[in-house]
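Observations on the model geometry
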Amino acid sequence: MRIAVTHTTSYHSDTPARAVQALRLVPRSLRGQTVLSWQVRVEGAGGGLRYTDAFGNAVELMASHGPTTSVVITAEGVVETEDTAGVVGFPPEAVVPAVCLRSTALTEADDAIRAFAATCRRETALATLHAVLDGLHAAVAYETGTTGSFTTAAAAFAAKRGVCQDHAHIFIAAARSLGLPARYVTGYLLTEEADAVAHHAWAEAMTPDLGWVGFDAANGQCPTDRYVRLAAGLDAAEAAPVRGVRLGAGSETLQVNVGVQASQSQSQSQG
Amino acid sequence: MLGRTASSLFWMARYMERAENLARLAQVGHRVSIIPDGMGGYREDWKATLASAGCLPAFEARGAKLDAATAQNFLLFDRAHASSIRNCLENARNNGRAVRTALTREMWEALNSTWIEFAAIDPAEVGPGRMVELLDWVRQRSGQLRGAMLGSLLRDEGFHFCQLGTFIERGDNTARILDVKYNVLLPVNEALGGERNQHQWDTILRSVSAVGAYRYFYRDRLRPRQVAEFLILRPEMPRSLRFCCDFIAPSLGALAEMTGGGAASLALGSALAAELRGTDLDTILRHGLREFLQEFLGRNAAISGALATDYHFD
Amino acid sequence: MLKTQAYNTGNDTVCFDEMLRADFSARECYRTLFEWLQRQSPSGIRAKQAEADAIFRRLGITFAVYGAAEANERLIPFDLIPRVISAAEWRFLERGIEQRVRALNAFLHDIYHRQEIVRAGRIPSELVNGNSAFLPQMMGFDPPRGVYSHIIGTDIVRTEEDGFFVLEDNLRTPSGVSYMLENRETMMHLFPELFAAHRVAPVERYPELLRQTLQSVAPSGCDGEPAVAVLTPGIYNSAYFEHAFLADQMGVELVQGSDLVVEDGALWMRTIRGRARVDVLYRRIDDAFIDPLNFRPDSMLGVPGLFDLYRAGRVTLVNAPGTGIADDKAVYAYVPDIVEFYTGEKPILKNVQTFRCSIAEERGHVLEHLEELVVKEVHGSGGYGMLIGPRSTRQQRADFAERIRANPGNYIAQPTLALSTCPAFAGSGIGPRHVDLRPFVLVGDRVRVVPGGLTRVALKKGSLVVNSSQGGGTKDTWVLED
């Protein structure tokens, strides 16, 4: 499937301040996806610095020239996808899987998560992970507005509700507690319903034979050709597409708009 | 040089100069308070002393009784009063400490030992007998820092920021002392045969350590006109407004040349220096002595502000 | 003034003395000093000690004692009597230290790349990959010249003639080098004749060597002379004096986070002329605080985006972030294996035997022998969070046993070492006091071990804790030339 994405992030504030942002907004071509075209434009800040981080993400650092009241970041492009049942395999990257056993503040397992995870243990890693996926999808309802970006896996699991970030965090905490390396992935989802959120997040876990495999507990499935994978990290904070620091007084408002659509030509060719 | 370094050098010099000026004012206040006023009391005028030090409103906000003990403690040791001698010495030293690498060893030792020794003093043990000695010591230590700077500091940007801190503060201090007592310097006082004001003129001169210099320079008794001229316009008098501006303008010029910037501060500083050079006391009195002093204080502060902007103080 | 009988009876524990043998004869390298000490009068020494104290107080060498708000400025005691190291002893130490820092740098490179040592099963994966001092963000990055830890202060103790042990490797931001330099200046000022009677290897080139080392690891894209700056947390940091001192001696800027800005893909400092480029940053701020964008978001000390610049190869951070994994107290036990793995040689310097409480068998041994052992927190420093078994009370041991059982991974234990003693001026006379040694090593285009170091001395009679935060002092360290 050919998927076109337009992802706009805008920051506005009343008082001017210097802004520094690290962008993880460029998907890479790997098993299941080929990036056909992609570009990132930024108004209100200059770039000039790109590197590949430990997780293989392309990072771009943006900094405003002096104080500014607004920064608008637009990522846009087209990605060709195919359904691999979530299998990403062994993409080239520096981190070793064992690093993805580290817990972070957002992904620390508590007794409840450990107990839940223990009930999911099966013969193989893959079977275990599918048990976690199914169990989690059943146990934690998808509900917006009850959790925030700093909600921990343990808190969301206790509340039995959350959004994709929470599902991913709980999945990661559970997998790690079973000794299976897991990590957080951001991306886009081409949804069937027009008004559903298109910016998405899920988890990846390591299996000895298949390598990294995606698990989307919020939707109870492994990623398909309707998913575009953007960036990975130990948790949502590390993998965030835009991470910023503002140097100055005052507060700011953040607005994110993501449009994902099946590319016109692709739709036609598929009929 | 870092903008922060320039800022710290400027404020280090300003705070040390302020400590010295406060010590001088406190000494004068102390002296006046033990001279009989001929009416069974003493000439005591701590209110004028605190006003000259620019801290009368801060003192009054406390609602404390104003007497020798409270005034002296406020001026010397008060931790909550931003411009007590104690806090000036600490601020001078902390500014110096933050830019230790921009100072010479001699300067740092002068700053550091002054603060360490002052901080060790127990205010309760400083009776009237030791007060004068302590204030003399503060003035000597300020002189020691300045001497160390003149004798050891490279004549680069840092030197000029120190100079600017010193002379902007000194000009401010002299103008403030005049502003508080401007009324006794008006020509009408002399016309009235103002012998009664003699001690007021004497006090003004003492506040800038200029009694001896005045007599040596004018070979005359104290006359308000000459006192005003001496402290405003005489280039020979090292605490006069003219003298301060004669150091401020060249340092601003040197900085502008070294850095290729500093246009705003240089324009303000040069204009003020040129005006002081081109005027005389009659013109000032016609214009109004009070108005003149107020304008000077405002323009002096504007130079300080422009300096901070021009050289990226923060 | 020195009476040999009195000196040695002051030595309450049986341990190696750096100056006197058991038969009261002086060891060769101490002969001149010993004779000189015998000629000094107590009042003369006292006068010199007062002079030295005055020099240090004036210099503002101050040290913040944590938790003592009122006494936040305090002098580190300086002991007049130098610690002497013979040329042969030094050659041995130098070789041993160099071997160790090369191996530890190789270890850092390896664990931030393919982790061969983990794959080979020589060190547990969890100890590396699960360690809080390990920074996953560093993986796959190649620092200039492959150097991670450029500035190192190796803590060494001695228990006998040939018994040198490494106690800690200090690969993050070791401090104390300013004391080495100031102590030397003070000794040359106070005792020129004694100094001249020895052939003491000079240490005063350290700042110049440090600058060369820093410039030698500039980013590859840097043209012209690399611009170096020292990043300090500010004047309230306990080692601020040292930061200022080193910047001054090297002739480079001392900056705070607020002086720096990341812009146009480079690091700049704000100067009175506008912005100026920085190529190499000697940062004296802990990893967690260097960049609020990448690490602790509440840090006011760092520079947002600094780590991104570093990873993109636009600026060099010295020492590299994530070097703490190599001086982690739990990793310490593996250093002999690390040395063998990367150098193929036997370690020259010995490790102190270390029991890891995370391992059940070793924990059992520790809990049974608390009275003989020193127990340390894995991430503790400064001599805090420590139990010195032989000097502990029953209650303290019971408390520690409980803490170890509750969180075994947080503790290691080592036998109590009979640290060597060295003559020190103890107010009334000269007596033996326990010492350690911290030589300073620079790693850039080559490895340089400066001949000397910081000797720390436990001035309290019989005390084994040399940390300045707990009553330790310092001495000048004389490495003799042949």
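Residues numbered from 1 in each chain as written. Chains lettered and ligands numbered in written order. Predicted model: local features only at pLDDT ≥ 70, side-chain atom pairs only at ≥ 80, totals over all residues. Heavy atoms only, no water.

Considering the overall build of chain C
On a plain count of helices and strands, chain C comes out with 15 helices and 22 strands. Against the 2.2 N^0.38 benchmark of 23 Å for 482 residues, chain C shows a C-alpha radius of gyration of 23 Å, consistent with a compact globule. A principal-axis box enclosing the C-alpha atoms of chain C has dimensions of 70 × 60 × 50 Å. Of all 482 residues assigned to chain C, the portion counted as buried reaches 62%. Once local pairs closer than 6 in sequence are excluded, the contacts in chain C between residues at least 24 apart make up 69%. Taken as a whole, chain C presents about 18300 Å² of accessible surface, with 49% of it coming from carbon and sulfur. For chain C, the centre of its 53 positive side-chain charges and the centre of its 61 negative side-chain charges are spaced 2 Å apart. (Helix = DSSP H or I, 4+ residues; strand = E, 2+ residues; numbered from the N terminus. Rg over C-alpha atoms; globule rule 2.2 N^0.38 Å. Buried < 20%, exposed > 50% of the residue type's maximum accessible area, 1.4 Å probe, protein only. Contact = heavy atoms within 4.5 Å. Areas by Shrake-Rupley, 256 points an atom, 1.4 Å probe, with all protein chains shown as cover. Lys, Arg positive; Asp, Glu negative; His and termini not counted. Charge placed at Lys NZ, Arg CZ, Asp CG, Glu CD.)

Notes on the environment of C:Gly453
Mapped onto the elements, C:Gly453 comes out in the loop between strand S20 (447-449) and strand S21 (454-458). When neighbours within four sequence positions are excluded, C:Gly453 is seen to be in contact with C:Met180, C:Arg438, C:Pro439, C:Phe440 and C:Thr477.

Regarding the packing of aromatic side chains
According to the stated counting rule, one finds 32 aromatic pairs over all chains in the structure shown. Taken together, a centroid distance of 5.6 Å and an interplanar angle of 70 degrees make the contact between B:Tyr218 and B:Phe230 edge-to-face. Taken together, the residues B:Tyr218 in helix H11 (residues 211-218) and B:Phe230 in helix H12 (residues 224-232) connect sequence positions 12 residues apart. For B:Tyr218, a relative accessible area of 16% gives the class buried. For B:Phe230, a relative accessible area of 2% translates into the label buried. Ring-pair connections join several aromatic residues into one group, and the members of that group are B:Phe10, B:Trp11, B:Tyr15, B:Phe161, B:Tyr311 and B:Phe313. Over the face of the ring belonging to C:Trp268 we find C:Arg275, whose NZ or CZ atom lies 3.8 Å from the ring centre. One residue, C:Arg277, lies across the ring of C:Trp268, its end atom 6.0 Å from the ring centre. (Phe/Tyr/Trp six-rings, centres within 6.5 Å; stacked < 30°, edge-to-face > 60°. Lys NZ or Arg CZ within 6 Å of the ring centre and 35° of its normal.)

Overview of the pairing of strand S19 (residues 440-443) of chain C
Strand residues, when the strand is regular, have side chains that alternate between the two faces of the sheet. Residues and elements named next belong to chain C. The two faces of S19 match: Phe 440 and Leu 442 on one face and Val 441 and Val 443 on the other face are all buried. For strand S2 (residues 151-153) and S19, the ladder comprises three bridges, and the chain directions are antiparallel. Considered in S19, the bridge of Gly 153 is made with Phe 440. Pairing of S19 with S20, which is carried by three bridges, proceeds in the antiparallel orientation. Residue Leu 442 lies in a different strand from S20, and its bridge partner there is Arg 448. (Pairing = 2+ DSSP bridges.)

Re the arrangement of the chains
Once contacts are tallied for each of the two pairs of chains in contact, the highest total is for chains A and C. Across all C-alpha pairs, the smallest distance from chain A to chain B is 12 Å, and the two are not in contact.

Brief notes about H11(B)
Every α-helix carries 3.6 residues per turn, so stepping three or four residues along brings you back to the same face. All names here are of chain B. Three or more residues of H11 are buried, namely Val 211, Tyr 214 and Tyr 218. Buried residues along H11 cover an arc of 60 degrees about the axis, so they all sit on one side. Residues of H11 that are exposed and point more than 90 degrees away from the buried face comprise Gly 212 and Tyr 216. Just past H11, the residue Arg 219 takes up positive phi, approximately 50 degrees. (Arc of directions from axis to C-beta.)

Some remarks on the confidence of the model for chain C
Residues and elements named next belong to chain C. Residue-level pLDDT values for chain C average 89, and 92% of them are 70 or greater. This stretch, residues 61-72, has a pLDDT under 50; its non-local contacts, to residues over four places away or in other chains, come to 24 contacts. Confidence metrics for the complex model read pTM 0.88 and ipTM 0.92. (pLDDT = per-residue confidence, 0-100.)

Focus on the pairing of strand S18 (residues 430-438) of chain C
All names here are of chain C. Burial runs high along S18: nine of the nine residues are buried. The side-chain alternation of S18 yields two buried faces, one formed by Ile 430, Pro 432, His 434, Asp 436 and Arg 438 and the other by Gly 431, Arg 433, Val 435 and Leu 437. Sheet analysis places strand S17 (residues 421-425) next to S18, joined by five bridges and oriented antiparallel. What sits directly across from Pro 423, in S18, is Pro 432. Relative to S21, S18 is paired through four bridges, and the arrangement is antiparallel. When the bridges of S21 are listed, Arg 438 appears paired with Leu 454.

Description of the sheet that holds strand S13 (residues 355-356) of chain C
Backbone-to-backbone hydrogen bonds join strands into a sheet, with any given pair of strands oriented parallel or antiparallel. Residue and element names in this part refer to chain C. Spatially, S13-S16-S14-S15 is the arrangement adopted by the four strands of the open sheet, whose pairing is antiparallel. The sheet terminates laterally at S13 and strand S15 (386-388), the two strands that pair on one side only. Across the sheet, helix H15 (residues 394-406) is in contact with strand S14 (373-377), S15 and strand S16 (411-415); its angle to S15 comes to roughly 135 degrees. (Axes fitted to C-alpha atoms, helices over the stretch in contact; angles between N-to-C directions.)

Examining the packing of helix H6 (residues 105-119) of chain B against helix H7 (residues 128-152) of chain B
Residues and elements named next belong to chain B. Direction vectors running N to C along H6 and H7 enclose 165 degrees, while the axes themselves pass 8 Å from each other. The angle between the axes of H6 and H7 places the two elements in the roughly antiparallel class. Of the two elements, H6 crosses H7, and the hand of that crossing is left-handed. The segment H6 lies against H7, with Glu 106, Met 107, Ala 110, Leu 111, Ser 113, Thr 114, Glu 117 and Phe 118 engaging Leu 134, Trp 137, Val 138, Arg 141, Gln 144, Leu 145, Ala 148, Met 149 and Ser 152. Residue classes in the contact of H6 with H7 are distributed as 10 nonpolar, four polar and three charged. (Parallel < 35°, antiparallel > 145°, perpendicular 65-115°, else oblique. Left-handed = near helix turned anticlockwise from the far one by under 90°. Nonpolar A, V, L, I, M, F, W, Y, C, P; charged D, E, K, R; others polar.)

Thoughts on the domain arrangement of chain A
The parts lose accessible area when they come together, and the size of an interface is often stated as this lost area. Residues and elements named next belong to chain A. Partitioning chain A into domains gives domain 1 (2-81 + 241-270) and domain 2 (87-239). Distance from the C-alpha centre of domain 1 to the C-alpha centre of domain 2: 23 Å. The interface of domain 1 with domain 2 comprises 24 residues on the first partner and 28 residues on the second. Each partner contributes to the roughly 2200 Å² buried at the junction of domain 1 and domain 2, and carbon and sulfur atoms together form 62% of this total. Among the residues of domain 1 in contact with domain 2, Arg 28, Arg 31 and Phe 55 are the three that bury the most area, contributing 28% of the side total. Remark: the boundary between domain 1 and domain 2 carries one salt bridge. Connecting domain 1 to domain 2 are nine residue pairs in polar contact (both at pLDDT 80 or more). (Domains from an automatic or database assignment. Buried area = accessible area lost by both parts, 1.4 Å probe. Salt bridge = Lys/Arg side-chain N within 4 Å of Asp/Glu carboxyl O. Polar contact = N/O pair within 3.5 Å; in protein donor to acceptor, adjacent residues only side chain to side chain.)

With respect to the side chain of B:Arg24
Residues and elements named next belong to chain B. Looking at the element boundaries, Arg 24 is found in helix H1 (residues 3-32). Of the residues examined, Arg 24 reaches a relative accessible area of 5% and is grouped as buried. For Arg 24, the side chain forms a polar contact with the side chain of Ser 209, separated by 2.6 Å. Not counting residues within four places of it along the chain, the set of residues in contact with Arg 24 comprises Arg 139, Arg 206, Ser 207, Val 208, Ser 209 and Arg 239.

Here we look at the nonpolar core
Membership of the largest hydrophobic core comes to 98 residues, with the highest contact counts inside it found for B:Leu75, B:Leu76, B:Ile85, B:Met107, B:Phe118, B:Phe161 and B:Leu205. A total of 12 residues in this core trace back to one element, the largest contributor, which is H1(B). Built from parts of two domains, this core gets at least three residues from each of domain 1 (1-153) and domain 2 (155-314) of chain B. In contact with B:Phe161, not counting residues within four places along its chain, are B:Met1, B:Ala6, B:Leu9, B:Phe10, B:Leu255, B:Leu307, B:Tyr311, B:Phe313 and C:Ile272. (Core = buried A, V, L, I, M, F, W, Y, C linked by side-chain atoms within 4.5 Å.)

Some remarks on the interface of chain A and chain C
If you look at the interface, chain A gives 30 residues, while chain C gives 30 residues. At the boundary of chain A with chain C, total buried surface from both sides reaches about 2100 Å², with 60% on carbon and sulfur atoms. When the buried area of chain A at its contact with chain C is split by residue, A:Leu49, A:Tyr51 and A:Arg102 rank highest and sum to 26% of it. Counting across the interface, chain A meets chain C through one salt bridge. Here C:Glu263 ties to A:Arg18 by a salt bridge, and the two come within 3.1 Å at their closest N and O atoms. At the junction of chain A and chain C, the tally comes to 10 residue pairs in polar contact (both at pLDDT 80 or more). For the side of chain A that touches chain C, the elements supplying multiple residues, two or more each, are strand S1 (2-26), strand S3 (46-52), strand S4 (58-63) and strand S13 (242-247) of chain A.

Observations concerning the sheet that holds strand S5 (residues 228-231) of chain C
All names here are of chain C. Spatially, the four strands line up as an open sheet ordered S6-S5-S10-S11, and their pairing is parallel. Looking at which strands have only one partner, the edges of the open sheet turn out to be strand S6 (253-255) and strand S11 (316-318). Going across the sheet, the axis of each strand differs from the next one's by a mean of 30 degrees, ignoring polarity. Sheet contacts for helix H9 (residues 206-216): S5, strand S10 (280-283) and S11; angle to S10, the most-contacted strand, approximately 125 degrees.

Comments concerning helix H10 (residues 198-207) of chain B
All names here are of chain B. For H10, the buried fraction is high: seven of the 10 residues fall into the buried class. Buried within H10 are the following residues: Gln 200, Trp 201, Asp 202, Thr 203, Ile 204, Leu 205 and Ser 207. One or two residues past the end of H10 sits Ser 209, with phi positive at roughly 50 degrees.

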